[in-house]
Amino acid sequence: MKGWLFAAALFALTALAQTFQVVSGEARYRVREELLRVGLTDAVGTTKAVRGEVRLQDGRVSGEFVVDLRELKSDQARRDNYLRQRTLETDRYPFATFRPKEVRGLPNPLPRQGKVPIQVVGDLTIKETTAEVVWEGEAEFQGDEVRVFLRTEFPFEKFGLAQPRVSVVLSLENRIRLEVELVLRRQ
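Residues numbered from 1 in each chain as written. Predicted model: local features only at pLDDT ≥ 70, side-chain atom pairs only at ≥ 80, totals over all residues. Heavy atoms only, no water.

In the annotation of an unreviewed UniProt entry, the entry for the protein chain reads Lipid/polyisoprenoid-binding YceI-like domain-containing protein, and the organism field reads Thermus thermophilus.

Topic: the pattern of salt bridges
Tallied over the full model, the rule gives 23 salt bridges. Where Asp-144 meets Arg-112, a salt bridge forms, and the shortest distance between an N and an O atom there is 3.0 Å. With Asp-144 in the loop between β7 (129-142) and β8 (145-154) and Arg-112 in the loop between β5 (95-104) and β6 (113-126), this residue pair connects regions lying 32 residues apart in the sequence. When its relative accessible area of 44% is taken as the criterion, Arg-112 is described as partly exposed. When salt bridges that share partners are traced, they join Glu-26, Arg-28, Arg-30, Lys-48, Glu-179 and Glu-181 into one network. (Salt bridge = Lys/Arg side-chain N within 4 Å of Asp/Glu carboxyl O. Helix = DSSP H or I, 4+ residues; strand = E, 2+ residues; numbered from the N terminus. Buried < 20%, exposed > 50% of the residue type's maximum accessible area, 1.4 Å probe, protein only.)

Some remarks on the side chain of Glu-179
Within the element layout of this structure, Glu-179 appears in strand β10 (residues 176-186). With relative accessibility at 13%, the residue Glu-179 sits in the buried group. A distance of 2.8 Å separates polar atoms of two side chains, one belonging to Glu-179 and the other to Arg-28. In this structure the side chain of Glu-179 is engaged in a polar contact, spanning 3.1 Å, whose partner is the side chain of Arg-30. Setting aside chain neighbours within four positions, we find Glu-179 in contact with Glu-26, Ala-27, Arg-28, Arg-30, Trp-135, Phe-149, Leu-150 and Arg-151. (Polar contact = N/O pair within 3.5 Å; in protein donor to acceptor, adjacent residues only side chain to side chain. Contact = heavy atoms within 4.5 Å.)

Examining the pairing of β6
When a strand is regular, its side chains alternate between the sheet's two faces. Taken together, the 7 bridges between β5 and β6 define a ladder with antiparallel strand orientation. Counted as the bridge partner of Val-103 is Val-120 from β6. Two strands pair when backbone bridges link them, and β6 and β7 are joined in this way by 14 bridges, in the antiparallel orientation. By the bridge assignment, Leu-124 is partnered in β7 with Ala-131. The loop that links β6 with its antiparallel partner β7 comprises 2 residues; one of these, Lys-127, has a positive phi angle of about 55°. (Pairing = 2+ DSSP bridges.)

Looking at the pairing of β10
Taking burial as the measure, the 11 residues of β10 include 9 buried ones, the bulk of the element. Relative to β10, strand β1 (residues 18-35) is paired through 10 bridges, and the arrangement is antiparallel. Its bridge partner lying in β10, Gly-25 is registered against Leu-182. With 10 bridges connecting them, β8 and β10 associate as antiparallel partners.

Below you can see the structure in the form of structure tokens.
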């Protein structure tokens, strides 16, 4: 009889919704470019202006993560201004939004400690375009906190983004790599 009660209690706990809120984060883009007088390099822009939450219940996932694109900064102010004004048009579209639909690889119940490889599938919206993307990475559980590192990539045209064209850039790879590092806390 005690075993049955324990199993019922465990099932009830895992069926409860678990909400995790972003307590800190960083989002990055990387694009391979060839610059006049510099050669091949990665253009990297970062922002810590990331907020959001995710809810897990009965194997389902919901939530929303928002990145303030106006806060992206690289090592070149001219690049940042070009991206804000022409590529991302941040005056009209200040945010990128991701809504997760599925998390693959998460054990149930969630562990209190340890790392697990995961894939997160969901809808990413940049400007007026929404498309499904798959993020690859890992989640590291530490008590009530989860550290998540994820990455994805896609061509500029997937989101209707114009590839930057300026005289000092000899070539630009048609592949945007996005990375996020988040610390989520169980609510």
